[in-house]
Amino acid sequence: MTARTLLLLALSLPLCTALNAQPTAQFIVMNITGTVRYCEKPGAEQCELVPGQTLGPESIVTLPSGSTARLLFEDQSISLKEAGNYPLKSLAASQTPASTSFMKRFFNYVYEGIVNTSGSKKIEEYHELYIPQSSGGIKGFAGGDYGIALTRPVAGNLPEGPVVFEWFTAGDQTLYDFQIIDFQTEGLLFKALLRDTSFSLDLSKLAIEPGRKYYWYVQLKSLGEMALGFPLVDDPSMRSPKVEVVMSGKGNSGLMNSLEASPEYLEAGESDRLLMKAQVFEEAQYIYEANETFLKAIELHPADPVLQRVYGAFLVRQGLWQSSQKYLRS
C-alpha cells in the first residue's frame, strides 16, 4: 500500500440526494475506475459512486467486473478490485490499520482536510473551531475584524534568507507600514513604508537572534502622517493581525532528511511526496515552508483536487480565510 492511492481523490458534485454525507460518516471514496454503484442501506435506491463522497457504515458498494474502488476508513486504505457487493460495516472490521505512525498521521492529515472542506457549512465550522486552537498560525485572528487580510502565512519557524510577506490590497493610493517587533521587549527591529502588497525581505540581513520570538504586522498609513515612529494602531480595522515568528537557527534539513529516507516517501509519486513534505513542515511549525511546498505542488499539478482541498484546509487553519476560498470553491 502506498500513499498514491490516497491522493487520487477527486471532487465531484453529488449525483443524487442520497449522496449527502452525514456528520458521523467514516468512509471517504478516494478514487474509482469504471462505473461503481452503492446504496445507503440494504434495499435503498442505488446511485452512482463518485470520488470525494463520504459514506456511512450501513452503505453497500456494488463493484462490477473490471471496475475498482479505493476507500479511506480512519487510518486504513481499502482497495476493492473483485466484482461483488461490499457492506462497509463488515469491510472495515477486516482491514489492517496503517503500518507506521507516520502513515497514520498522513492519512489523518488528508482525511481532515477533505472532511472539513466538504461544503460551506463544514468549512465555516472548521474555521470557527480550529483557529482558536492553532499553536503555529496567526495569533489573534479569531478575535476581531482586521482591516488588512494576509495572503501568505509567514508564521512559526522561519528559514534564513528571503521571505515573501503578502496581504490583500486595502484600496488604491494606500500606504502600508510594515514592521517587525521583538516579542520580548516590544523593540522595533525593522520597518518599511510600502505601496505594494508584496514585500520580499532577506531575514539573514537583520539582527535576528535564532530561537528568539518576534512578531510582524502591517498597518494603514496616510501620506500626511509622520514617517517616523509608526506606533501600532490599536484599531484592528486599520491593521493586520500580529503574527508570531521564530528564526530557526538549526534549519529544517534534519526533518527533510528523515522524511526522504523513509520507505513511504520513496514509494510515493511526486505529488504525494510534496504533500508529505507539507505535512511534516506544518507538524514542525515551519508554516511558511509548508505553504511554499503546497504552492509548488499546485503549480506542478494544477488539476489535482486533493492538493487543492488539503491546501485550502491548511489555509483555514492558518487563519487565511480569504485566501482559502480560491481553493475551496465548489
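Here is what the cut-offs are and how they apply
Residues numbered from 1 in each chain as written. Predicted model: local features only at pLDDT ≥ 70, side-chain atom pairs only at ≥ 80, totals over all residues. Heavy atoms only, no water. Core = buried A, V, L, I, M, F, W, Y, C linked by side-chain atoms within 4.5 Å. Buried < 20%, exposed > 50% of the residue type's maximum accessible area, 1.4 Å probe, protein only. Helix = DSSP H or I, 4+ residues; strand = E, 2+ residues; numbered from the N terminus. Contact = heavy atoms within 4.5 Å. Pairing = 2+ DSSP bridges. Axes fitted to C-alpha atoms, helices over the stretch in contact; angles between N-to-C directions.

> Would you explain the nonpolar core in this entry?
Burial of nonpolar side chains together is a common tendency in soluble globular proteins. If you look at the biggest cluster of nonpolar residues, it comprises 63 residues, and the most contacted ones within it are W167, F178, I180, L201, L203, W216 and L275. Residue contributions to this core peak at nine residues, all from helix α2 (residues 101–115). Beyond its immediate chain neighbours, meaning those up to four positions away, F178 contacts F165, W167, F190, K191, A192, L194, F199, L201, W216, Y217 and V218. Residues C47, L71, F73 and L91 belong to the second largest nonpolar core, which totals 19 residues.

> Even after reading the chapter, I still don't get the sheet that holds strand β1 (residues 27–33), so can you show me in this structure?
With antiparallel pairing, four strands are arranged side by side in an open sheet as β4-β1-β6-β7. Looking along the sheet, the strands with just one partner apiece sit at the ends: β4 (54–55) and β7 (76–80). Sheet topology places β1 next to strand β6 (residues 68–73); six bridges connect them, and they run antiparallel. What sits directly across from I28, in β6, is L72. Strands β1, β6 and β7 of the sheet are contacted by α2, whose axis makes an angle of about 95 degrees with β1.

> Where do I start with the side chain of N291 in this structure?
If you trace the backbone, N291 turns up in helix α7 (residues 287–300). Sequence-distant contacts of N291, defined by excluding residues within four places in its chain, comprise R152, P153, Y311, F314 and L315.

> Help me out: how do you make sense of the pairing of strand β13 (residues 198–202) in this one?
On a regular strand, each side chain points to the face opposite its neighbour's, so the side chains alternate between the two faces of the sheet. Side chains F199 and L201 of β13 all project onto a buried face; the interleaved residues S198, S200 and D202 project onto a face where none is buried. Relative to β13, strand β10 (residues 162–166) runs antiparallel, the two sharing five bridges. Within β13, the position partnered with F165 by the bridge is F199.

> What should I look at first to understand the sheet that holds strand β5 (residues 60–63) in this one?
Across a sheet, paired strands are connected by hydrogen bonds in the backbone, their directions being either parallel or antiparallel. With respect to topology, four strands assemble into an open sheet ordered β3-β2-β5-β8, the strand pairing being antiparallel. Since the sheet does not close on itself, it has two edges, and those belong to β3 (47–48) and β8 (84–87), each with one partner. In this structure, strand β2 (residues 37–39) lies alongside β3, joined through two bridges in antiparallel fashion. Across the sheet, residue Y38 finds its bridge partner in β3, namely C47.

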